[in-house]
Amino acid sequence: MGSRPVAVIMGSQSDWETMRHAVDTLAALDIPHDALIVSAHRTPERMFDFAKGAKAAGYKVIIAGAGGAAHLPGMVAALTPLPVFGVPVESKAMSGVDSLYSIVQMPAGVPVGTLAIGKAGATNAALLAAAVLALSDDGLDRRLAEWRAARTAAVTERPV
Ligand code: RP5
């Protein structure tokens, strides 16, 4: 496994409030990662260079968050063979439904695994990345099982 198997990319600084939940979850599972701002619209050449070089850079999974006209996950998926998980960021104008539709309706042949809008999607993208990596990493497999067991144990029988 490369030294940083997960890249968390986002279209804007304004996406960080959402995407930090992916990073926090990766950190909780002790998964090395990078967090990068890569915009399909404002920095298209950075996006192209990132996506074309991602596999050679040692990444195994890409988590891509974007809002509004959220083309980043799909464009990156078109340029890399790595699995891409897309996180629709909650937009101001349409509460993230525009982001969701922009990411989820990929044409057959160019998949993006699309998560829920916002924090839940960012968190679950990290957990999906962890599950993929755990297939070939026994230590991570154990950490992920412990993380899930702790979440289960934290659910009280009655509301407090
Ligand atoms: C998208 O446009 C970004 O992913 C972000 O969610 C949205 C708005 O960006 P800012 O105008 O806040 O930079 O490209």
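Bear in mind the structure is a predicted one, so any value in this text is a computation, not a measurement.

Here is what the cut-offs are and how they apply
Residues numbered from 1 in each chain as written. Predicted model: local features only at pLDDT ≥ 70, side-chain atom pairs only at ≥ 80, totals over all residues. Helix = DSSP H or I, 4+ residues; strand = E, 2+ residues; numbered from the N terminus. Expected span 1.5 Å × (residues − 1). Buried ≥ 20, exposed ≤ 12 C-beta atoms within 10 Å, placed from the backbone. Contact = placed C-beta atoms within 7 Å. UniProt positions renumbered as here; feature names shortened; annotations may be inferred. Near = placed C-beta within 6 Å. Nonpolar A, V, L, I, M, F, W, Y, C, P; charged D, E, K, R; others polar. Core = buried A, V, L, I, M, F, W, Y, C linked by C-beta atoms within 7 Å.

**Student:** Lay out helix H5 (residues 119–134) in plain terms, naming residues and giving numbers.
**Tutor:** Taking 1.5 Å per residue as the helical rise, H5 with its 16 residues ought to reach 22 Å, and the 22 Å between its terminal C-alpha atoms agrees with that figure. Residues of H5 that are buried: Gly-121, Ala-122, Thr-123, Ala-125, Ala-126, Ala-129, Ala-130 and Leu-133. Looking at the buried side of H5, the elements it contacts are strand E1 (6–10), helix H1 (16–28), strand E3 (61–67), strand E4 (84–89) and helix H6 (138–153).

**Student:** Now, about the UniProt feature "binding site: substrate" (unreviewed entry) in the protein: what can you tell me, with residues and values included?
**Tutor:** Under the present numbering, the feature "binding site: substrate" (unreviewed entry) in UniProt falls on Ser-12, Asp-15 and Arg-42. Taken together, the annotated residues stretch across 31 residues yet fold into one region, lying no more than 14.1 Å apart by C-alpha. Here Ser-12 is in contact with Ile-37 and Ser-39, once residues within four sequence places are set aside. Relative to the elements of secondary structure, Asp-15 occurs in the loop between E1 and H1. For Asp-15, a count of 25 C-beta atoms within 10 Å gives the class buried.

**Student:** Any chance you could break down the site of the ligand for me, citing the residues and the numbers?
**Tutor:** Within the structure, the ligand sits among Gly-11, Ser-12, Ser-14, Asp-15, Ser-39, His-41, Ala-66, Gly-67, Gly-68 and Val-89. Broken down by class, the residue content of the shell around the ligand amounts to 2 nonpolar, 7 polar and 1 charged.

**Student:** Which residues make up the nonpolar core, and what values do they have?
**Tutor:** One finds Ala-22, Ile-62, Ile-63, Leu-72 and Val-87 to be the most contacted residues of the largest nonpolar core, which totals 44 residues. Those elements giving two or more residues to this core turn out to be E1, H1, helix H2 (44–53), E3, helix H3 (72–79), E4, helix H4 (97–104) and H5. Here this core takes 6 residues from H5, the largest share from any one element.

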